[in-house]
Amino acid sequence: MGNALRFLCGKCFEPSTADSGSLGPHGVSSTTVGVSALAHDLFQFDITSQVPEGLSNHVVSSKKAQANWYRKLVDAWRESKPPPKTPEEAARLVIQTLKRHQKADVEGLLAFYGLPLPHTLVEVAAQQPTSLPDGVKFEMHTLPVDAKAVADGDTVTVYVSTTDPRESAYVPGKVHAAAVQRLEARARRNYEQADALHQQIIEAGYRMIAHQNEEVLAKKYRIRLRGIDAPESAMPYGKEAKNELTKIVQGKSLRVLVYGEDRYGRCVGDLYCNGIFVQEMMLKKGLAWHYSAYDKRPELETWEKQARAKRVGLWVSNNPEKPWEWRKDKREAR
């Protein structure tokens, strides 16, 4: 089947316990291993010519027709360079390869693997700016983001290495000293003292972060995504919004363009992840509103309207409650 497929089957076919997305009948979800499950089944089909058990419960065509799909998908996967790595890429390969087949079969196959359905796929239009736009106060490049750092669909905590030129000039002397003393304490195996020193570093707004086989002193920032408002955690689609933002940023280094600070001390900024404009993804997936009271960019309004028209995410409801109104009601009820 080829080295790429064998790699996926051998390395990735383990469900992640961190996933909180809904599982499909194959035991996978769009946020974990749907890609490797499909790769595994294609690899097995290439050897045995047998389609997976249970697929017939989710599609309308016969097993003979199913075998025809898998032959086409095996060829398409082998010819793809590079092979699909994300659920969206795998879904597009399936949709393109089986575009002449029945809609119910294609959607059933996608659902079987927990892959995104056609109407939920998002085409990213915004380009990452090559120079700083007007109004940007400063730019930061973060260390890889931890999944636990995502508070909800529009807020994430990030860390920036103090080796960054902008950061290095502002590190308090007591933080530098505590970092050095902690390193010495750990060398002496005095872990109790090392932990106490790390707590001092944390209380000062910094943290020692493991990165590329070493510990890095990093500054903590809370980021509020500029121009969008996602459902609060207790609202409908609050969990889905948080999960989607986590899926986008987890393990990735972000480029953050900071425009200011809100009343809660969070940096208000635009986030870019591997060149993708994060706010665009959240709006197009129907997991946030355009926060027009604070941001007048027409493209954000357009992306929200596109999600509304496709009735994806929270827009499956005719009149979903707006998060700013939900917060106002909560405040007035106190």
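Computed from a predicted model, the values in this text were never measured in an experiment.

**Q** Which residues make up the packing of aromatic side chains, and what are the values?
**A** Summed over all chains, the structure comprises nine aromatic pairs. When the ring of F45 is compared with that of Y70, the centres are 5.8 Å apart and the planes differ by 45°; the resulting orientation is tilted. One end of the pair, F45, is in helix α2 (residues 34-48); the other, Y70, is in helix α3 (residues 63-79), and 25 residues separate them in sequence. The same class applies to F45 as to Y70, namely buried. Between the aromatic rings of F138 and Y221, the centroid separation amounts to 6.4 Å while the plane-to-plane angle is 50°, which identifies the pairing as tilted. One end of the pair, F138, is in strand β1 (residues 138-141); the other, Y221, is in strand β5 (residues 214-225), and 83 residues separate them in sequence. Comparing F138 with Y221 shows no difference in burial state: the two are buried. Ring-pair connections join several aromatic residues into one group, and the members of that group are W289, Y291, Y294, W315 and W324. One Lys or Arg, R166, reaches over the ring of F138 and ends 3.6 Å from the middle of that ring.

**Q** How would you summarise the UniProt feature "domain: TNase-like" (unreviewed entry) in the chain if you had to cite specific residues and measurements?
**A** Here, UniProt's "domain: TNase-like" (unreviewed entry) annotation points to residues 141-317. As annotated, residues 141-317 comprises 36% helix and 28% strand, and the C-alpha atoms at either end are separated by 37 Å.

**Q** Lay out helix α7 (residues 173-187) in plain terms, naming residues and giving numbers.
**A** With 15 residues, α7 should reach 21 Å at 1.5 Å per residue; the first-to-last C-alpha distance of 21 Å fits that figure. V175, A178, A179, R182 and A185 are the residues of α7 that are buried. Buried residues of α7 fall within an arc of 125° about the axis and therefore sit on the same side. Seen from the buried face of α7, the exposed residues on the opposite side, beyond 90 degrees, are G173, L183 and A187.

**Q** Please provide a residue-by-residue account of the pattern of salt bridges, values included.
**A** Counted by the stated rule, this structure contains 22 salt bridges. The closest approach of N and O atoms between E304 and R308, which form a salt bridge, is 2.9 Å. With a gap of four residues between them, E304 and R308 both fall in helix α11 (residues 298-310), about one helical turn apart. Through salt bridges with shared partners, a single ionic network connects D154, R224, D229, E232 and R327.

**Q** So what about the pairing of strand β8 (residues 267-273)? Which residues, and what values?
**A** A large share of β8 lies buried, amounting to six of its seven residues. As judged from the seven bridges shared by strand β7 (residues 254-261) and β8, these two strands associate in the antiparallel manner. Within the sheet, the bridge partner assigned to G260 lies in β8 and is V268. The hairpin turn running from β7 into β8, its antiparallel successor, is five residues long, and G265 in that turn takes a positive phi close to 80°. Inspection of the sheet shows β8 paired to strand β9 (residues 276-277) by two bridges, in the antiparallel sense. Along β9, the bridge assignment pairs Y272 with F277. Adjacent in sequence and paired antiparallel, β8 and β9 are bridged by two residues, among which N274 carries a positive phi angle near 55°.

**Q** Tell me about the confidence of the model for the chain, residues and numbers included.
**A** On average, the chain scores 89 in pLDDT, and the residues at 70 or more come to 90%. Across residues 1-23, where pLDDT falls below 50, the model places 44 contacts with residues more than four positions away in sequence or in other chains. pLDDT under 50 marks residues 27-31. Its contacts with residues more than four places away, or in other chains, come to 21 contacts.

**Q** Pulling in residues and values, what's your account of the pairing of β5?
**A** In summary, the side chains of a regular strand alternate between the two faces of the sheet. Inspection of the sheet shows strand β3 (residues 155-161) paired to β5 by seven bridges, in the antiparallel sense. Directly across from S161, in β5, lies its bridge partner A218. Sheet topology places strand β4 (residues 206-211) next to β5; six bridges connect them, and they run antiparallel. Bridge pairing in β5 places I209 opposite V216.

**Q** Requested: an account of the environment of Y259, with residues and values cited.
**A** Checked against the element boundaries, Y259 lands in strand β7. The class of Y259 is buried, set by a relative accessible area of 16%. When residues no more than four places from it in sequence are discounted, the contact partners of Y259 are P133, D134, G135, V136, K137, R226, V268, G269 and D270.

**Q** Tell me about the state of the cysteines, and please be specific about residues and values.
**A** The tally for this structure, following the rule as stated, stands at zero disulfides. Of the cysteine sulfurs around C267, a residue in no disulfide, the closest is that of C273, at 18 Å.

Basis of the calculations
Residues numbered from 1 in each chain as written. Predicted model: local features only at pLDDT ≥ 70, side-chain atom pairs only at ≥ 80, totals over all residues. Heavy atoms only, no water. Phe/Tyr/Trp six-rings, centres within 6.5 Å; stacked < 30°, edge-to-face > 60°. Helix = DSSP H or I, 4+ residues; strand = E, 2+ residues; numbered from the N terminus. Buried < 20%, exposed > 50% of the residue type's maximum accessible area, 1.4 Å probe, protein only. Lys NZ or Arg CZ within 6 Å of the ring centre and 35° of its normal. UniProt positions renumbered as here; feature names shortened; annotations may be inferred. Expected span 1.5 Å × (residues − 1). Arc of directions from axis to C-beta. Salt bridge = Lys/Arg side-chain N within 4 Å of Asp/Glu carboxyl O. Pairing = 2+ DSSP bridges. pLDDT = per-residue confidence, 0-100. Contact = heavy atoms within 4.5 Å. Disulfide = S-S within 2.5 Å.

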